[in-house]
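Working through the structure, step by step
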Amino acid sequence: MHKRFSFLPLFLVVILMTSPTFAQLELGVQGGVNVTTLRGDNVDGEEIDFQSRNGLALGGIVGFLFGDALCLYLQPMLLQKGAVFTAADAFEIDTTLFGNPEVAFELAYLEVPIMLRFDFADGPFKPYLMAGGSVALHLGSDFAGEFIDLPVEADLTDVIETLEFSADAGLGFRYDFSVFSLFAEAHYQYGFTDILKGGELEIDIGGVTLPVNVPDLDVRGSGFRAIGGLSFRIGG
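The following refers to the structure shown. (Residues numbered from 1 in each chain as written. Predicted model: local features only at pLDDT ≥ 70, side-chain atom pairs only at ≥ 80, totals over all residues. Heavy atoms only, no water.)

Together, Asp 41, Asp 44, Glu 46, Glu 47 and Asp 49 line one region of the surface with negative charge. Within the secondary structure, Asp 44 sits in the loop between strand S1 (22-40) and strand S2 (53-66). On the accessibility criterion, Asp 44 (49% relative accessible area) is partly exposed. (Patch = residues over 30% accessible without salt bridge, like charges linked within 9 Å, V, L, I, M, F, W, Y side chains within 5 Å. Areas by Shrake-Rupley, 256 points an atom, 1.4 Å probe, with all protein chains shown as cover. Salt bridge = Lys/Arg side-chain N within 4 Å of Asp/Glu carboxyl O. Lys, Arg positive; Asp, Glu negative; His and termini not counted. Charge placed at Lys NZ, Arg CZ, Asp CG, Glu CD. Helix = DSSP H or I, 4+ residues; strand = E, 2+ residues; numbered from the N terminus. Buried < 20%, exposed > 50% of the residue type's maximum accessible area, 1.4 Å probe, protein only.)

Here it is, written out as C-alpha cells:
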C-alpha cells in the first residue's frame, strides 16, 4: 500500500476546516453509474486482461464553502466496483478441456472522496473542477463464473484488503435555483492500494465446496464515475 497517499484526505480536512473564512454548508444527494476495472499480473508475471464492470454509485454530498469559488467537497457513497476477465488469463488451465469461462469480481465499498472544488463562474450556471483523494471501506466481495457449465461462486471478503486509497479528479457543472441546485459530474479514480491480500477461501462449484489458496497478487483498481444530484445551501 502507498501509505503516503492515505494521509491526503485527512490533510485536506485539517487545513480547510481550520480556515476562518468558512461561510456556508452544502448538503445533497447523488446517484449514477460507476465503471471500474482492475490492473495486475498473474502468477507468471503476465498482465491480466481485465475488462470493465458497471455498477451503481449512490450517496450524499457535504460541502464546506470558503468564499465564492472554493469548497471542501465530501461525497460519502455506496459504490459497486470490480472487473471481468477470462479464467485462462489469470490461471493455468487447459482451455481445450475446460474452455475459457468468463469470471467476474464483484466488490462493494463505502467510499468517501474528499476533494477541493473550484467554481469558475458567478452566475446561476457554474462549471467546476475537483481534485483530491478517496478512502473506501470494503463491505464485501463475490467471485462468480462457470466451470465446465457448472456455476462457480465464492465469497472473497477475507482475501480483499479492508481499506482502499485512491486519487480522484473530475469536472462538473451545476445550476443554482432559488432554494436548491442541480448538478452533474464526471470523475476519474486511480487506486494506489494493492487490494488482493491472498489467503484461503472456499469455492462452490455446482454445489460442491472446495478449499482454494488465493495467491497474493498485486491488483489495483481504477474507474470512471458519472453522477448527478440535488443540493441545498445552508447559512451564509
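As paired strands, strand S6 (residues 125-147) and strand S7 (residues 150-155) are joined by six bridges and run antiparallel to one another. Within S7, the position partnered with Glu 146 by the bridge is Pro 151. Linking S6 back to S7 in an antiparallel pair, the connection comprises two residues, with Ile 148 at a positive phi of about 50°. When S7 meets strand S10 (residues 199-205), the two strands line up antiparallel, connected through three bridges. Residue Glu 153 lies in a different strand from S10, and its bridge partner there is Asp 204. (Pairing = 2+ DSSP bridges.)

Turning our eyes to something else, we now look at the environment of Ala 226. Looking at the secondary structure, you find Ala 226 in strand S12 (residues 219-234). Distance from Ala 226 to Gly 32, taken between C-alpha atoms, is 5.7 Å for residues 194 residues apart in sequence. Contact partners of Ala 226, with chain neighbours within four places excluded, come to Gly 31, Gly 32, Val 33 and Glu 185. (Contact = heavy atoms within 4.5 Å.)

Time to look at the pairing of S2. The side chains of a regular strand alternate between the sheet's two faces. The pairing of S2 with strand S4 (residues 77-86) spans three bridges and is classified as antiparallel. Counted as the bridge partner of Ala 57 is Leu 79 from S4. Here S2 pairs with strand S3 (residues 70-74) via five bridges, running antiparallel. Looking across to S3, one finds that Val 62 is bridged to Leu 74. Joining the antiparallel neighbours S2 and S3 is a turn of three residues, in which Gly 67 adopts a positive phi near 80°.

Moving on, we come to the side chain of Arg 117. One can find Arg 117 in strand S5 (residues 102-119). Residue Arg 117 is classed as buried on the basis of its relative accessible area, which comes to 1%. Only 3.2 Å separates the side chain of Arg 117 from the side chain of Asp 119, close enough to count as a polar contact. Not counting residues up to four positions away in its chain, the partners in contact with Arg 117 are Glu 26, Leu 65, Ala 69, Leu 70, Cys 71, Tyr 73, Tyr 128, Leu 129, Met 130, Arg 174 and Arg 233. (Polar contact = N/O pair within 3.5 Å; in protein donor to acceptor, adjacent residues only side chain to side chain.)

With that settled, consider the environment of Gln 24. Turning to its location among the elements, Gln 24 is positioned in strand S1. Separated by 3.4 Å, the side chains of Gln 24 and Arg 233 make a polar contact.

This part takes up the packing of aromatic side chains. Evaluation of the coordinates by the stated rule reveals eight aromatic pairs. With 5.4 Å between their ring centres and 80° between their planes, Phe 50 and Phe 85 make a pair best called edge-to-face. Residue Phe 50 is located in the loop between S1 and S2, and its partner Phe 85 is located in strand S4; the two are separated by 35 residues in the primary sequence. Taken individually, Phe 50 and Phe 85 each receive the classification buried, so the pair is uniform in this respect. A connected cluster of aromatic rings, assembled from ring pairs, spans Phe 50, Phe 85, Phe 105 and Phe 143. The positively charged end of Arg 39 is found above the aromatic ring belonging to Tyr 190, 3.9 Å away from the centroid. Across from the ring centre of Tyr 73, 4.8 Å away, lies the NZ or CZ of Arg 117, which sits over that ring. (Phe/Tyr/Trp six-rings, centres within 6.5 Å; stacked < 30°, edge-to-face > 60°. Lys NZ or Arg CZ within 6 Å of the ring centre and 35° of its normal.)

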